[in-house]
Each structure stands twice: as C-alpha cells, then as structure tokens.
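Secondary and tertiary structure notes
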Amino acid sequence: MDVTIKHVAKKAGVSPSTVSRVIADSPKISAATKKRVFETMKEMNYQPNIIARSLANRVTYTLGLILPSKDEEVFENPFFMQVMRGLSVYAKQKGYYIMYNYCRSEEEEVETIKHYMDSKWVDGIILTSTRIKDKSVELLMKRNQPFVVIGRPEAQRDKVLWVDNDNVMAMENIVNRLIKQGHRKIAYIGGEQQFTVYRHRLRGYRQALEQNGIEWDDRLVIESEPTEQKAYEVMKQMLKVISPDAIVGTDDMVAYGAYKATLEAGVLGIAFAGFNNTPLSVFNSPTISTVDINAEKLGHYAALVLINQLEKNTSMERNIIVEANYIERESTLAYVRD
C-alpha cells in the first residue's frame, strides 16, 4: 500500500495540513514539529508528490541553469562542474531541482530563457556569466522573472541578484606578486571583453602595471576564446613578436596552454599563473600558481540568494562577494628573478 500524507500525519500525531506545511517548509511550523514529521516520513519511506505540490503552490521547485558553452567544453572546464556541485547541493537541501541547458551564443541563450519562462518549467534562472550589454539580463528584468547572475552585471547592478569574486583585485594581486619577483614583461592571456569577468581581470592587470610604473605593451595582451588550445595558438603568435618573462591567464587551462607554446618554441624560464585552482594546477608539472575563486561557493550562494527571493526571504544579502585566494606553486616560485 502506498504511504500517503494521512498515514504520515497519523503516525506523527499531527494533522495532514501540518504535514503539507512541513513539506513546504512553512515558517509557522516549529522546528520540533518539522523534525518529528521529517523523521516519520523517512521511517515510512514517504516521498512527497512533487507534481501535486507544484500544482497546489503554482511553483515547480525547479531552477533553470544557463551554461554559455559547447557541451564538451563544459565538461572539460572544472569551473562549471564545481559551480554546478555548489548549486545542486544547496538546491537539494531546499527541495529544488536543477534543469540545465548549454547555449553556444547569446542569441541561443535568450531563446532558451524565453522557452523556460513561456513553458513555466522553472521558478528562477541562474546565469553563469554576464556580458557588458547583456540581452539575457535585460529580458529577465523586463519579464520580472526571478534570476541570479554568477558575475557582476555592469548595468542596474543594484537591481540584480549576483554573486561574484573581486576579480579586479584578484588579478592585481597576481601581477603585483610577479612584479615583486622581478618580472617586467608579463603577458596577459584573457577572454573576450564582452564578458564582465574578463574585463575586470584585465582592469586588475592594467592597475598593477600602473602601480609599478610599467608601461602598457599591446604586444603582451591577447584576448580570445579562453581555452587551452586557443591560448596555445595565440602564444605561438605572440612569441614571433615578443618574448615575455611571465604569463598570467584568466584560467589555469589558458595559462598552461600558453606555457606549452613557450616550451615548444624552446623559450625556457617563463613563470606562469592562472585562475580557478583546477585539478590541473595541482597535478601539472610544474604545479601551477593560481587563484582559488571558490567556484563551489559561488554556486552555493547563487542558489541561496535566488531561493531566498523565491521564498520571499528578504533578510539575506542580494549581492555576495566570495573570497578569492592566491595559491603560489612551482610555476612562479621556480622562476623568481634576481
């Protein structure tokens, strides 16, 4: 016989309506009662009917996640996997599910969001990046759809839920560290400037040069698709014009791709550092100096602020800065200049 709410209520010594409120996490139900009901549900192996719950409350308990990448690139880049883990763990704790979609362009992203909203499949949407003039953000605001951005929007920042690192300071810290070690010709391999994260990191690079009286050199700055292969290709081109004594990339894979090009060209003794503290940074030889942006925390807090809004909890901050920590390893320590 299937276990119903009435069975759970009878065994827990409460009314069926109380069990329903416990499932909906109503603040009107005491912690002791919630604990007793949940323990009874577990003991009786009762699973709430999600469809019935959704119809009754006019919610789906599902969050839509937009991943701006090709399918294979998402699984190659640990950043997205770490973000998804942080999102999923917190969402599961709160009784929400994640529905995700890959989008290869901004236009495809906008169409996916429209489909999510028109079909009413999701209660809220999570963007894992933001552009300078972001059509997705504009659409979501226009339609009054709850959403959160992992990244810091340039426009109407005070009206948007967002979670981010201080990417300007994080990049500034890396470059300052390299300069203190004696490096002067520091190459910057970054992503496209339409994305705010890469614009902020380039700003940090520029500020560090200015603070140390080092002139900007266009030959040392390349902005392109942030992948290992692309970084390898653009560094090969850079080496035909100028040879840097250090490299900083906006991702560990980017930094390593550029470094591989220097090895292949026979240019030795170049320090390099990246971002995201991926497994590659630890298992590579040499180990890679990097910035740990706490990607899992970014995902956790993105889910937290969005679910808080959906559940009308206004006590939590709307915007959260997650700490970013520089981890120094062999790729810079092995090449300190006298």
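All of the points below concern the structure found in this document. Everything numeric in this text was worked out from a predicted model, so none of it was measured. (Residues numbered from 1 in each chain as written. Predicted model: local features only at pLDDT ≥ 70, side-chain atom pairs only at ≥ 80, totals over all residues. Heavy atoms only, no water.)

1. Some points on the side chain of N165
- Positionally, N165 belongs in the loop between β5 (161-164) and α9 (167-180).
- A distance of 3.0 Å separates the side chain of N165 from the backbone oxygen of V322, its partner in a polar contact.
- If near-sequence neighbours (up to four positions away) are discounted, N165 is found in contact with R152, I293, L298, I321, V322, E323 and A324. (Helix = DSSP H or I, 4+ residues; strand = E, 2+ residues; numbered from the N terminus. Polar contact = N/O pair within 3.5 Å; in protein donor to acceptor, adjacent residues only side chain to side chain. Contact = heavy atoms within 4.5 Å.)

2. Digging into the sheet that holds strand β3 (residues 124-127)
- Strand order in the open sheet formed by 6 strands is β2-β1-β3-β4-β5-β11, and the pairing between neighbours is parallel. Edge positions in the open sheet fall to β2 (97-102) and β11 (319-321), since each of these has one partner strand only. Taking each pair of neighbouring strands and ignoring which way they run, the sheet shows an average axis angle of 15 degrees.
- As judged from the 4 bridges shared by strand β1 (residues 62-67) and β3, these two strands associate in the parallel manner. Within β3, the residue paired with L63 across the bridge is G124. (Pairing = 2+ DSSP bridges. Axes fitted to C-alpha atoms, helices over the stretch in contact; angles between N-to-C directions.)

3. Brief notes about the packing of helix α11 (residues 228-239) against helix α12 (residues 252-264)
- In contact at an axis separation of 7 Å, α11 and α12 are set at 40 degrees when each is read in the N-to-C sense. Taken together, the axis directions place α11 and α12 in an arrangement best described as oblique. Note on packing geometry: the crossing formed by α11 with α12 is right-handed. Within the contact between the two elements, α11 uses E228, A231, Y232, M235, K236 and L239 and α12 uses M253, V254, Y256, G257, A258, K260, A261, T262 and E264. (Parallel < 35°, antiparallel > 145°, perpendicular 65-115°, else oblique. Left-handed = near helix turned anticlockwise from the far one by under 90°.)

4. Re helix α1 (residues 5-12)
- All buried positions along α1 are accounted for by V8, A9 and A12. Looking straight down α1, one finds that the buried residues subtend no more than 100 degrees of arc, so they occupy a single side. In α1, those exposed residues whose orientation departs by more than 90 degrees from the buried face are K6 and K10.
- The elements touched by buried residues of α1 are α2 (16-23) and α3 (31-43). (Buried < 20%, exposed > 50% of the residue type's maximum accessible area, 1.4 Å probe, protein only. Arc of directions from axis to C-beta.)

5. Things to note about the packing of α9 against helix α10 (residues 196-211)
- The geometry of α9 relative to α10 is characterised by a closest axis approach of 7 Å and an angle of 40 degrees between their N-to-C directions. By the criterion of interaxial angle, the relationship of α9 to α10 is oblique. Both α9 and α10 take part in a crossing whose hand is right-handed. In this structure, α9 uses N167, V168, M171, E172, V175, N176 and I179 to contact α10, whose residues at the interface are V197, H200, R201, R203, G204, Y205, Q207, A208, L209 and Q211.

6. Some remarks on the environment of M316
- Tracing the backbone through its elements, the reader meets M316 in the loop between α14 (295-310) and β11.
- The class of M316 is partly exposed, set by a relative accessible area of 32%.
- Non-local contacts of M316, meaning those with residues more than four positions away in its chain, are made with L304 and N308.

7. Notes on the packing of aromatic side chains
- Evaluated as defined, the whole model comprises 8 aromatic pairs.
- With 5.3 Å between their ring centres and 65 degrees between their planes, F79 and F80 make a pair best called edge-to-face. As far as the burial class goes, F79 and F80 line up, both buried.
- Joined through ring pairs, the aromatic side chains of Y188, Y205 and W216 make up one cluster.
- The positively charged end of R201 is found above the aromatic ring belonging to F275, 3.9 Å away from the centroid.
- Geometry around W216 places R206 over its ring, the cationic atom sitting 3.9 Å from the centre. (Phe/Tyr/Trp six-rings, centres within 6.5 Å; stacked < 30°, edge-to-face > 60°. Lys NZ or Arg CZ within 6 Å of the ring centre and 35° of its normal.)

8. Observations concerning the pairing of strand β9 (residues 271-275)
- Of all 5 residues that make up β9, 5 are buried, and the element is covered over most of its length.
- Residue alternation in β9 divides its side chains into two sets, A271, A273 and F275 and F272 and G274, and both sets are buried.
- By the bridge criterion, 3 bridges tie strand β8 (residues 246-249) to β9 in an arrangement that is parallel. Following the sheet pairing, V248 is matched in β9 by A273.
- Handedness of the β-α-β unit built from β8, α12 and β9 comes out right-handed. (Right-handed = clockwise from strand over helix to strand, strands pointing away.)

9. Digging into the side chain of T196
- The topology assignment puts T196 in helix α10.
- Excluding its chain neighbours within four sequence positions, the residues that come into contact with T196 are T130, R131, I132, R152 and E154.

Remember, this is a structural readout, not a statement about activity or role.
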